[in-house]
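The primary structure of each chain is shown beneath.
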Amino acid sequence: MGKLFGTDGIRGVVGKTLTAELAYQVGRAVTTVLTEQLGHKPVITIGKDTRISSDMLESALMAGICAMGGDVMPLGTIPTPAVAFLTVQEQADAGVVISASHNPYEHNGIKIFNGQGYKLSDEMESAVEELILSHAELPAKSHREIGARYHGMRQMKKDYIHHLYSTLDCDLSGLRVLVDCANGAASATAPQLFGMLPLQADFIHAEPDGVNINTNCGSTHLASLAEGVVAGGYDLGIAFDGDADRCLLVDEMGGVIDGDKIMAVCAADLRRHGKLSGNTVVATVMSNLGLHEFCRKSGIVLVCTDVGDRHVLEKMVECDYVIGGEQSGHMIFRQYATTGDGELTALQFLQVLQKAGVPASQLVSCCPQYPQELVNVAVVPDAKQRIMACEALWEQVKSREEQLAGEGRILIRPSGTEALIRVMVEAKTTETASCVACDLADYIKKLV
């Protein structure tokens, strides 16, 4: 992880750590590196979420790209996975997403895909970062060498929507769903997508105003969706995050269906149809012990990577696996996408639900869930490495693991996008998990 790029691009509070000036420099640096690698002027797509700062950052990025001779294809407000898909479809050389995913509106980010729709390699990020931080002189182009802005690109979201629709092989008639767009990018695509389906879909939190993205809504705040599903008698609730690359669900009784349960249900369906490559699911170390238990009993191999959909995807590509994801709702269906896609995830789950002919709560009961407590400890950014290297902390962890007596687990890791140390504990009871997690969090606070 570099000084600018974290595990999911560049993130920061706009006007403080993420400025228009930085976005301009990113545009210049990315274009310079691409030009050197490709030997010709690059074409770069740009998509954004609904934050008030996204237009400003988009303009700065476009100015930087064009100043160095790159051409820009602005896609407008659109989900992150749509940028990856359209970058490949249009044979562009890279794609840029302006979003801070599930974070509050004052945050934003810059994430870059390569021409194949995958997140930028570490080597490429390092080259871009070095150009920016070294303040290297990058002479701007002039005359006919200046880059151009393509027009009419926003209509391309229809291509993405039709691509999602084409992944279905099941009639969804009769289902009733409530969809939470998080006042984010899904607001620009989900109504049209679900409007094409032979089911009843109603929408909440689909009126973005620039500052209400993720505010008490979406995949990180499921309460209003759960209430709406139960009150309205819906079969399923669907919640996206700000850039719609993740999806969590709510069953007919208001119960949360997280990424682990989605993976279990969809992997089992793929296996039934002989489509589960390598008989394997790829998850992360954060996945619940319940998913481990489900896979073991189902005869499915579970491979766990470090946290981050980048690591999940790398393992999937390396071994040609078709399904993977995170408990948080980042799901990758590699047959159809090169990155996590919330709307695609919702469609894949819906068709399994329809084929099963049982309520969602019954469908996901195959995957148990052990009580899990996650506590985030705020730290100054440069303290994360020091805390993680503290031997006394790991002595405390070892002591608590002995307390769990093999019937639980502890995971402590630094956040890749925020100034946080995350403490996750699983145990047989909620009380035990909470107690151990809080004790360890309090110890970390003393180290800060």
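The numbers attached to residues start from 1 for each chain and follow its sequence in the written order. Totals for whole chains, interfaces and linings use all residues, but because this is a predicted model, local features are given only for residues with pLDDT of at least 70 and pairs of side-chain atoms are given and counted only at 80 or more. Side-chain metrics in this entry use all non-hydrogen atoms of the structure; hydrogen atoms and water are not considered.

1. With respect to the state of the cysteines
To keep things clear, this is the line we draw: Criterion for a disulfide: a pair of cysteine sulfur atoms within 2.5 Å. The rule is simple: take the accessible area with a 1.4 Å probe, protein chains only, and divide by the maximum for that residue type; under 20% is buried, over 50% is exposed, in between is partly exposed.
Taken as a whole and judged by the stated rule, the model has zero disulfides. Unpaired in this structure, Cys217 has its nearest cysteine sulfur neighbour in Cys181, at a distance of 9.5 Å. Its relative accessible area of 0% is what places Cys217 among the buried residues. Of all cysteine sulfurs, the one in Cys438 lies closest to Cys435, which takes part in no disulfide; the gap is 7.5 Å. For Cys435, a relative accessible area of 41% puts it in the partly exposed group.

2. So, the sheet that holds strand 16 (residues 409-414)
Threshold: Any two strands are treated as partners once DSSP identifies two or more bridges connecting them. The helix and strand labels rest on DSSP assignments: H or I over at least four residues marks a helix, E over at least two residues marks a strand, and numbering proceeds from the N terminus. Here the axes come from fitting lines to C-alpha atoms, over the contacting stretch only for helices, and the angles between their N-to-C directions go from 0 to 180 degrees.
In space, the three strands of this open sheet follow the order 15-17-16, with antiparallel pairing throughout. Since the sheet does not close on itself, it has two edges, and those belong to strand 15 (372-378) and strand 16, each with one partner. Mean inter-strand twist for the sheet, computed between neighbouring axes without regard to direction, equals 15 degrees. Two strands pair when backbone bridges link them, and strand 15 and strand 17 (residues 420-426) are joined in this way by seven bridges, in the antiparallel orientation. Pairing of Leu374 across the sheet is with Met424, part of strand 17.

3. Things to note about the nonpolar core
As a rule of thumb, nonpolar side chains are buried together in soluble globular proteins. To keep it simple, the criterion reads: Each nonpolar core is a collection of buried residues, namely Ala, Val, Leu, Ile, Met, Phe, Trp, Tyr and Cys, held together in the definition by side-chain atoms within 4.5 Å. Residue contacts are defined here by distance: any two heavy atoms, one from each residue, within 4.5 Å place the two residues in contact.
Phe194, Leu236, Ile238, Phe240, Ile323, Phe349 and Leu350 are the most contacted members of the largest nonpolar core, which totals 67 residues. The biggest single contributor to this core is helix 8 (residues 259-272), with eight residues. Other than its neighbours up to four places away in sequence, Phe349 contacts Leu236, Leu249, Ile257, Ile262, Val265, Cys266, Leu363 and Val364. Membership of the second largest hydrophobic core comes to 33 residues, among which are Ala29, Leu57, Ile98 and Leu131.

4. Side note on a nonpolar patch on the surface
For clarity, the threshold we go by: Patches were defined on residues exceeding 30% relative accessible area and lacking a salt bridge, with like-charge contacts within 9 Å and nonpolar side-chain contacts (Val, Leu, Ile, Met, Phe, Trp, Tyr) within 5 Å. Using a 1.4 Å probe, the Shrake-Rupley method yields the accessible areas, and only the shown protein chains count as cover for residues. One speaks of a salt bridge when a side-chain nitrogen belonging to Lys or Arg is within 4 Å of a carboxyl oxygen belonging to Asp or Glu.
Residues Ile52, Tyr105 and Val211 make up a contiguous nonpolar surface patch of about 260 Å² in total accessible area. Within the secondary structure layout, Val211 lies in the loop between strand 7 (200-204) and helix 7 (223-232).

5. Considerations on the packing of aromatic side chains
Selection rule: Only centres within 6.5 Å qualify two rings of Phe, Tyr or Trp (six-membered ring in Trp) as a pair; their planes then separate them into stacked at under 30 degrees, edge-to-face at over 60, and tilted for everything else.
What the rule picks out here adds up to two aromatic pairs. A ring pair is formed by Phe85 and Tyr160, whose centres lie 6.2 Å apart and whose planes are at 55 degrees; its orientation type is tilted. Note that Phe85 is positioned in helix 3 (residues 80-89) and Tyr160 in helix 5 (residues 157-166), a separation of 75 residues in sequence. Ring centres of Phe194 and Phe203 lie 6.3 Å apart, and the angle between their planes is 75 degrees; on these two criteria the pair is classed as edge-to-face. Exposure remark for Phe194: the relative accessible area of 1% places this residue in the buried category.

6. Considering the pattern of salt bridges
A full pass over the atoms with the stated rule returns 23 salt bridges. Residue Asp243 pairs with Lys111 through a salt bridge whose shortest N-O separation is 3.8 Å. Here Asp243, found in the loop between strand 8 (236-240) and strand 9 (247-250), pairs with Lys111, found in strand 5 (residues 107-114); they are 132 residues apart in sequence, far enough to count as distant. Both residues of the pair, Asp243 and Lys111, belong to the buried class. Note that Asp245 is salt-bridged to Lys111, the shortest N-O span being 3.7 Å. Linking Asp245 in the loop between strand 8 and strand 9 with Lys111 in strand 5, this pair joins segments that are 134 residues apart in sequence. Lys111 carries the same exposure label as Asp245, and that label is buried. One salt-bridge network, in which partners are shared between bridges, spans Asp8, Arg11, Lys111, Lys119, Asp243, Asp245 and Asp309.

7. A few points about the pairing of strand 2 (residues 43-48)
Here is the rule we go by: Clockwise travel from the first strand over the helix to the second, with the strands pointing away from the viewer, marks a crossover as right-handed.
For strand 2, the buried fraction is high: six of the six residues fall into the buried class. Burial along strand 2 is two-sided: Val43, Thr45 and Gly47 and Ile44, Ile46 and Lys48, pointing in opposite directions, are all buried. The parallel pair strand 2 and strand 3 (residues 71-77) is bridged by helix 2 (residues 54-67), and the resulting crossover is right-handed. Both strand 2 and strand 4 (residues 94-98) contribute to a ladder of five bridges, which runs parallel. Paired with Lys48 across the bridge in strand 4 is Ile98.

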